[in-house]
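# Structural features, examined
The chain contents come next:
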Amino acid sequence: MLKWSVLILIFGAFSFSQVFADEDTTAGIQEYRDLLDDVNPAELWVFSGEELWYRKAGPKNASLETCDLGKGPGVTVGAYVELPRFFFDAQKVMDLEQRLIYCRTLIQGFSRADIISYPFTKRGQETSEIEMLVAYIASESRGLHMNIPLMRIEEKRVYELGKQFFHFRAGSHDFGCITCHSGDNQRIRLQELPNFRNKDEASKSYGSWPAYRVSAGEVRTMQHRLYDCLRQQRFPEPIYGSDLMTALIMFLAKSADGGLYEAPGIKR
Amino acid sequence: MFKGNLFILTVLVGLSSWFNSPTVLAAEFNSPKLNDLLHGGLQSKGPVNFTKFFDQDSTQKFCSELKPVVSSDEAKRLMSENLKGIKFLEDGAYIGDWARGELIAQSGKGLRFNDSENTKNGGNCYACHQIQKEELAHGTLGPSLYRYGEIRGYSDEVIRYTWTKIFNPQALLICSNMPRYGHNKILSISEMRDVMALLLDPESPVNQ
């Protein structure tokens, strides 16, 4: 029943996105949010993600219920706001997306190559399972606060690497993340740029991903957001699930430490 | 006895790593550098070549520091190095066609990994600057350039200054956020002349 109402909402969203793509205004988003009145199309991804989490799948025909996201096998509540973190079994720091790759290969027997070959849904093609799983896990932290204490040496080190990468300027345009995200009240064209040196802005921004993107009609993950920024940054193509992305996400997550986590949100 | 001690030692060592005290144990973790991460995290695609990207010039290296000291001797040295590379035009014909300049200023295409090798590069000036008044979709990373020539005049100094800014802003301001259009060959000489005209042709709508 609930699912049907969400589905109807989604159809509404699709037709809306057509109009919206041309308009591109903050006012439009607000109107859209009011229209939806608390119900976000991302809910459909959340439901499918939950189903996927418990469904037996892969060559090993296993569910993800034994996957440890950092708070013990199968614990999903509160996992997202404490990621990225160090994992003893893997002996490294992982963000949610890297951890899901780990669990899906080890527990379910999927090949890593298969998983990372289709992380982001392409227009007109099947929905990426990663996007559904991420939406579900994220929703299980809604209303909690970011908690990134960097207790372990390895976590501190990864944070420092992420910080270095945030400041790394290279390529044809000499851009770094810092070019676009280190000043207050700045815009590229009409898009407002969160300043990650500002705790409030970092929290608001980090706390709203993953998000349902109206322009794409899909739920997009943090790694997708960074993929798109690195494209505009004229950097080479980021490799999905790489330690570089984890380090960057660690830096962003720490910048948002203590902030309210409210995703999946809705974005332009 | 000896075995017992060893056991306790092992437990202690294990515990200290558990609590993460910053001891010698830190060295036991493999400790990658950003360079290693970059190699495993980015790949060539379309017009973006990883090897070329990875080979930062000295200006980029300096500006990648967490807090580059822009008043340092090193900064001054880098600025004069950037200045030396600027190509000034012998014929003094810096002003091209403003209408073509507007198209270049509007386009954000080129040199992204999803572009093709022969995509024509834009200047994407509107991403950061207000230019023509009618274009409301402009960014704010850079100062407004509306009425650029009107305000500053059309003297040779203004022309040389503006050419310098567009060719290589880091010659005047180290670690400027603005791309080095000429130095990094994002735009050709003739395209930069067209953009110059957008700002400095008295007939350009920018100066009306």
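Conventions we followed
Residues numbered from 1 in each chain as written. Chains lettered and ligands numbered in written order. Predicted model: local features only at pLDDT ≥ 70, side-chain atom pairs only at ≥ 80, totals over all residues. Heavy atoms only, no water. Disulfide = S-S within 2.5 Å. Helix = DSSP H or I, 4+ residues; strand = E, 2+ residues; numbered from the N terminus. Buried < 20%, exposed > 50% of the residue type's maximum accessible area, 1.4 Å probe, protein only. Contact = heavy atoms within 4.5 Å. Buried area = accessible area lost by both parts, 1.4 Å probe. Salt bridge = Lys/Arg side-chain N within 4 Å of Asp/Glu carboxyl O. Polar contact = N/O pair within 3.5 Å; in protein donor to acceptor, adjacent residues only side chain to side chain.

Moving on to the state of the cysteines. Here a disulfide denotes one covalent bond, and it connects the sulfur atoms of two cysteines. Inspection of every chain in the model, using the stated rule, returns two disulfides over all chains. In this model, Cys67(A) is linked to Cys103(A) through a disulfide, with the two sulfur atoms separated by 2.0 Å. Across the S-S bond linking Cys67(A) and Cys103(A), the dihedral sits near 75 degrees, which makes this disulfide right-handed. With Cys67(A) in the loop between helix H3 (42–54) and strand E1 (85–87) and Cys103(A) in helix H4 (residues 96–106), the pair connects residues that are 36 residues apart, well separated along the chain. The residue that forms a disulfide with Cys63(B) is Cys175(B), at a sulfur-sulfur distance of 2.1 Å. With the S-S bond torsion at -90 degrees, the cross-link from Cys63(B) to Cys175(B) turns out left-handed. One end of the pair, Cys63(B), is in helix H4 (residues 58–63); the other, Cys175(B), is in the loop between helix H8 (156–167) and helix H9 (189–200), and 112 residues separate them in sequence. Note on accessibility: Cys63(B) and Cys175(B) belong to one class, buried. Of all cysteine sulfurs, the one in Cys177(A) lies closest to Cys229(A), which takes part in no disulfide; the gap is 7.6 Å. Owing to a relative accessible area of 21%, Cys229(A) belongs among the partly exposed residues under this scheme. Here Cys125(B) stays free of any disulfide, with the sulfur of Cys128(B) as its closest cysteine sulfur at 8.7 Å.

Counting from both sides, the interface comprises 44 residues of chain A and, opposite them, 54 residues of chain B. Of the roughly 4,600 Å² buried between chain A and chain B, counting both surfaces, carbon and sulfur atoms make up 58%. Along the contact surface separating chain A from chain B lie three salt bridges. We note a salt bridge from Glu237(A) to Lys45(B), for which the minimum N-O separation is 3.3 Å. Between chain A and chain B we count 21 residue pairs in polar contact (both at pLDDT 80 or more) in total.

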